[in-house]
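Reading the structure
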Amino acid sequence: MNIFTDTMDHYAINNELSKTNIYYKLLFTIITIIVNLLSQSYIVPIIIFLFVSFLILYKAKIPIKVYSIFMATPIAFGLISLVFMALFFGEGTQILKLGIFGWGVTASGFNLGILLLARILGGVSCIGFLVLTTPVNRLFIVAENLRIPKIIIDIALLMYRFIFMFLESAVVMYNAQKTRLGYYNYKNSFYCLGILASMIFIRTWDQGDISFNALKSRGYDGEINLLNNEKSIHEISKINIFLLVLFEALLIIGIILTGTTSIL
């Protein structure tokens, strides 16, 4: 099963929190991200990351493999940023000298890199909580309820639909090329990749015409109507509101107590 064509979409629909009020999840995500960015210490973002990861893995029951793949790229960028921050953005005496071009690690640069990495973990995990536990069609409905221009929603809806469809087509064509001795060396790999890209472009062009004609034959008048059966923000229970306020208040208290605490 391909993680980008089936698995993430499948688990976004089939998880223990998929039916939770989406406005409650949006409020939790947005407020927690803001608190995450306000923290001047790595401690609160790490707490956010651990707590949200617990919700994703044990409350929503998203498989750890899916969550790991989702987090892999942000973590990689965070580690790269940590290295660059430690080497080039610090001030003061170097605590570790590399002996190359005068490069070295400073305490301020390292602490700044750790803070950035922690914020990345906290922020991306919050986004992952929303994305991995919420079917994307519900997000489009909420966007419509929030009065986002209809043309933007329609374009996003079509893009989402066709991106995964063409990824699947690309995988099928790639496997067909492999069975015909494609990609057996570098020169052949570039040749096969060029053919694959051109075929995807042609397939995209043709599918666009086919989809437009199919929509027109079904009464398409320039707008794609979505079935709106979402609960409103007013239907969030008082206990859930209390828990959200309590959690965010504890995080803010944590920000005040930790201040600018750093590792070095």
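In the block above lies the structure referred to throughout.
Residues numbered from 1 in each chain as written. Predicted model: local features only at pLDDT ≥ 70, side-chain atom pairs only at ≥ 80, totals over all residues. Heavy atoms only, no water.

Two elements in contact, helix α3 (residues 43-59) and helix α5 (residues 107-133), have axes separated by 8 Å at closest approach and are oriented at 25 degrees. By the angle between their directions, the pair α3 and α5 is classed as roughly parallel. Every pair of crossing elements has a handedness; the one defined by α3 and α5 is left-handed. Where α3 approaches α5, its residues P45, I46, I48, F49, V52, L55 and I56 are matched on the opposing element by A118, R119, L121, G122, S125, C126, G128, F129 and L132. Of the residues assigned to the contact of α3 with α5, the class counts are 12 nonpolar, 3 polar and 1 charged. (Axes fitted to C-alpha atoms, helices over the stretch in contact; angles between N-to-C directions. Helix = DSSP H or I, 4+ residues; strand = E, 2+ residues; numbered from the N terminus. Parallel < 35°, antiparallel > 145°, perpendicular 65-115°, else oblique. Left-handed = near helix turned anticlockwise from the far one by under 90°. Contact = heavy atoms within 4.5 Å. Nonpolar A, V, L, I, M, F, W, Y, C, P; charged D, E, K, R; others polar.)

Look at α3: 23 Å from first C-alpha to last across 17 residues, which is about the 24 Å you get at 1.5 Å a residue. Elements in contact with the buried residues of α3: α2 (22-38), α4 (64-88), α5 and α9 (238-258). Looking one or two places after α3, you find K61, whose phi comes out positive at around 65 degrees. (Expected span 1.5 Å × (residues − 1).)

With that settled, the discussion passes to a nonpolar patch on the surface. On the surface, a nonpolar cluster with roughly 770 Å² of combined accessible area is contributed by I80, V83, F84, F88, F89, I100, W103 and L112. The leading source of residues in the nonpolar patch is α4, at 4 residues. In this fold, F84 is placed in helix α4. (Patch = residues over 30% accessible without salt bridge, like charges linked within 9 Å, V, L, I, M, F, W, Y side chains within 5 Å. Areas by Shrake-Rupley, 256 points an atom, 1.4 Å probe, with all protein chains shown as cover. Salt bridge = Lys/Arg side-chain N within 4 Å of Asp/Glu carboxyl O.)

Looking at the element boundaries, N36 is found in helix α2. In this structure N36 comes out as buried when scored by relative accessible area, which is 1%. Not counting residues up to four positions away in its chain, the partners in contact with N36 are P45, I48, A118, R119, G122 and G123. (Buried < 20%, exposed > 50% of the residue type's maximum accessible area, 1.4 Å probe, protein only.)

All right, on to the nonpolar core then. F28, V52, I56, Y67, M71, F129 and L132 are the most contacted members of the largest nonpolar core, which totals 37 residues. Secondary-structure elements contributing two or more residues to this core are α2, α3, α4, α5 and α9. A total of 9 residues in this core trace back to one element, the largest contributor, which is α5. Apart from the residues within four sequence positions on either side, L132 is in contact with M8, Y11, A12, N15, I56, I62, V66, Y67 and F70. Of all hydrophobic cores here, the second largest spans 6 residues; its members include A170, M173, Y183 and L196. (Core = buried A, V, L, I, M, F, W, Y, C linked by side-chain atoms within 4.5 Å.)

Inspection of the entire model under this criterion finds 2 salt bridges. The salt bridge involving E144 is made with K150; its shortest N-O contact spans 3.7 Å. In this structure, E144 and K150 share a single accessibility class: buried. With a shortest N-O distance of 2.9 Å, D154 and K150 are connected by a salt bridge. Of this pair, D154 and K150 both sit in helix α7 (residues 150-179), 4 residues apart, which is roughly one turn of the helix. Salt bridges linked by common partners bring E144, K150 and D154 together as one network.

Attention shifts here to the side chain of E248. As for its position among the elements, E248 is in helix α9. Put simply, E248 is tucked away with no salt bridge, and the nearest opposite charge, on R119, sits 14 Å away. Setting aside residues up to four positions removed in sequence, E248 forms contacts with F28, I31, T32 and V35. (Lys, Arg positive; Asp, Glu negative; His and termini not counted.)

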